Amino acid sequence: MKAKYLIKQACIMLIFMCFIACNNSKIKKENIGLKNAATFPIGTAINISTLLNDAKLQKLQIENFNSITATSDMKMHAILPAENKYNWKTADTILSYAKKHKQRLFGHNLIWHSSTPKWVSEKGEKDSVWLDDFMQQYIKTYVNRYKGKVAAWDVVNEAFESSGGNYRESFWYKNLGKSYIEKAFRYAHEADPNAVLFYNDFNIERDTVKLNAVLDMVNEFKAKEVPISGIGFQMHIRMDIPDEIIAYSLKKAAATGLQIHLSEVDIIFNTHNDERLGGIQNYSVLRDEMKQAQAEKYKNLIRMYKEIVPKEQQFGVTFWDFTDRDSWIKGFFNMKDWPCIYNDSLQPKPAYYGVLDGLLQ
Ligand code: XIL
């Protein structure tokens, strides 16, 4: 009877000790910070005024990240809202934050159809010679100003149609032809020969036709000695995008020998419309099993990046906003979702631990 009692007590004790140990390891892991668990830079895109006005957010940002990207403050409409009126103030604020906290500053972006200010498109449509010259002046002025300070740039963003292999019929393409892309790279390289220069796009992890078109362009650039140094996979993915296709795409892109950046990572449950606004709201509540599945998806993504992309080509992984509270998805697509690694109350989600596990494996 006594022996039975002692065994029972011992079992209770053992369970209790396991519980304490598990909790401790969770606490320890959380305190590590993602950047300390990683062998490559871990970044986040973030709005600087949100960051500077929220002490808790800032603490988490500093603990976890060693690379920073502006969500929109460094795009053309923000830098040059009117002719000859450069606005460096916000970019300078981001730079001093990056310096203060020893974070890499990533420049997003130089040329993107969606951030071209109206005054540029109105003028450029009437005069392509002016536009060609303007693009050169803009890139050189901007890149030169942050020479040695902005480590890398998305030189051209989203130059291919949302799906398939055609160049996007954007304002830039229509007025300058596809050569605007290689010119942009040459101008950026002339202004800062040490900057790492990326071509950045979305859905290339899942749309093989689009990926192949991007890779054809990259190979053409390499043959012509256009100074491209990397491919940015935005990686705005969805829970049902198969890991196998992501792995295949990373492998194919890494075979170019260029730097590979997962530049805008988030993972949604619902289906958004790629063009903007709306989508299919399959889920309006985030259930526990969904949180776990998302953690697994995040972990696999990190694992694939580590295993497939050779070490010397791992430029880093950047999360696009890192809290569900601040994520762009809600506002941009007018759709509820939970794409990030922290929740609305700035608590780490299972997804956070998924990333951490992936990094530590
Ligand atoms: C998004 C910003 O996060 C939003 O705040 C803004 O309203 C629109 O742009 N691909 C990109 C990013 O390359 O620049 C976009 O950022 C998200 C999609």
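Rules behind the numbers
- Residues numbered from 1 in each chain as written.
- Predicted model: local features only at pLDDT ≥ 70, side-chain atom pairs only at ≥ 80, totals over all residues.
- Heavy atoms only, no water.
- Salt bridge = Lys/Arg side-chain N within 4 Å of Asp/Glu carboxyl O.
- Buried < 20%, exposed > 50% of the residue type's maximum accessible area, 1.4 Å probe, protein only.
- Helix = DSSP H or I, 4+ residues; strand = E, 2+ residues; numbered from the N terminus.
- Contact = heavy atoms within 4.5 Å.
- Polar contact = N/O pair within 3.5 Å; in protein donor to acceptor, adjacent residues only side chain to side chain.

> When you look at the pattern of salt bridges in this model, what are you seeing that I'm missing?
Side-chain pairs of opposite charge can arise whenever the charged atoms involved come near each other. The full count for this structure, using the stated rule, is 20 salt bridges. As a salt-bridge pair, Lys210 and Asp201 come within 3.1 Å of each other at their nearest N and O atoms. Under the relative-accessibility criterion, Asp201 is labelled buried at 0%. A salt bridge links Lys297 to Asp243; the shortest N-O distance between them is 2.8 Å. In this pair, Lys297 sits in helix H13 (residues 288-308) while Asp243 sits in helix H12 (residues 243-254), placing the two residues 54 residues apart along the sequence. Beyond isolated ion pairs, a larger network of salt bridges with shared partners links Lys178, Glu182, Arg186, Glu220 and Lys224.

> Please explain helix H15 (residues 350-360) as it appears in this structure.
Residues spaced three or four apart along an α-helix point in a common direction, a consequence of the helix completing one turn every 3.6 residues. Counting buried positions along H15 gives eight out of eleven residues, so the element sits mostly inside the fold. If you check which residues of H15 are buried, you get Ala351, Tyr352, Tyr353, Gly354, Val355, Leu356, Gly358 and Leu359.

> Can you walk me through helix H7 (residues 118-126) in this structure?
The set of residues buried in H7 consists of Trp119, Val120, Ser121 and Gly124. Buried residues belonging to H7 abut helix H5 (76-79), helix H8 (128-145) and helix H9 (171-176).

> Before we go on, may I ask you to explain the side chain of Asn300 in this structure?
Assignment of secondary structure puts Asn300 in helix H13. On the basis of relative accessibility, which here comes to 13%, the residue Asn300 falls in the buried class. There is a polar contact of 3.1 Å between the side chain of Asn300 and the side chain of Arg303.

Geometric descriptors of this kind do not, in isolation, establish any biological role.
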